[in-house]
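Chain by chain, the residues:
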Amino acid sequence: MIHTMPTAAVDEPDPATIARAQITALAARLDDRVRALPSHLPTDATPEALEAAFMHLKRVHGVLDTVLLAARRSDRRIRVHSRELAAEADFDAAAPVRTGAWIDYVQGVVFALAEEGLHAPGLDVSIASDVPGGTGLSSSAALEVATVLLLAQALGRVLPAGDVARLAHRAETAFVG
């Protein structure tokens, strides 16, 4: 005779819940790494400075998902250089407009912060990332979380990991789509 145990119905979490959990975990990991950054990193945002800082961080701290370096601008424009895409884009931080391109992930964070009354300053930003795009490994979430942390720092704010995750999720769902 075969005995079977009754099984309880298991509710599968919806994709949004899974995404929020993944983003929260990533935010916590990145937050720990940001706290571990050496204070002598360059603040200029040239691709060469970013490459040097990225390689230094990889040697000292191990694999690092996504690194952003920024320098303030006197206007409200945000100019972003992507090392991996060898591309540059810019937008008005006061009025982000969806383009359907990679810059929307950064613009989405600016949008989500503005909804909270936090208005991003003008910045020149360089991005380097180990997370390969288009492979299902959450490269967009890594960029959004890193952007939230960068902009929070630029605004002189410290955000709890849950708020970082919520803002990154809002950028993805309400702006990028």
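Up top you'll find the structure we're talking about.
Residues numbered from 1 in each chain as written. Predicted model: local features only at pLDDT ≥ 70, side-chain atom pairs only at ≥ 80, totals over all residues. Heavy atoms only, no water.

The next thing to look at is the pairing of strand β4 (residues 123-129). A large share of β4 lies buried, amounting to seven of its seven residues. Side chains L123, V125, I127 and S129 project from β4 onto one buried face, and the interleaved D124, S126 and A128 project onto a second face that is buried too. Pairing analysis gives seven bridges linking strand β1 (residues 66-72) to β4, with the strands arranged antiparallel. Note that in β4 the partner of R72 across the bridge is L123. The pairing of strand β2 (residues 77-82) with β4 spans five bridges and is classified as parallel. Among the inter-strand pairings, S82 is bridged to a residue of β4, identified as I127. (Buried < 20%, exposed > 50% of the residue type's maximum accessible area, 1.4 Å probe, protein only. Helix = DSSP H or I, 4+ residues; strand = E, 2+ residues; numbered from the N terminus. Pairing = 2+ DSSP bridges.)

Glancing now at the nonpolar core. Membership of the largest hydrophobic core comes to 32 residues, with the highest contact counts inside it found for I78, V80, V125 and I127. At the level of elements, β2, β3 (87-92), α3 (104-115), β4, α4 (139-154) and α5 (161-176) are the ones that each hand at least two residues to this core. Counting residues per element, this core draws most heavily on α4, which supplies nine residues. Discounting residues that sit within four places of it in the chain, V80 has contacts with A87, E88, A89, W102, I103, V106, V125 and I127. (Core = buried A, V, L, I, M, F, W, Y, C linked by side-chain atoms within 4.5 Å. Contact = heavy atoms within 4.5 Å.)

Below, the discussion takes up the sheet that holds β2. Sheet strands line up and pair through hydrogen bonds in the backbone, either parallel or antiparallel. Strands sit in the order β1-β4-β2-β3 across an open sheet of four strands; the sheet is mixed. Only two strands of the sheet have a single partner each, and these edge strands are β1 and β3. When strand polarity is set aside, the average angle formed by the axes of neighbouring strands in this sheet is 20°. Helix-sheet contacts for α3 involve β2, β3 and β4, and the interaxial angle to β3 is about 25°. Contacts from α4 reach β1 and β4, with the element oriented near 35° to β1. (Axes fitted to C-alpha atoms, helices over the stretch in contact; angles between N-to-C directions.)

Just distances and angles here, no functional claims.
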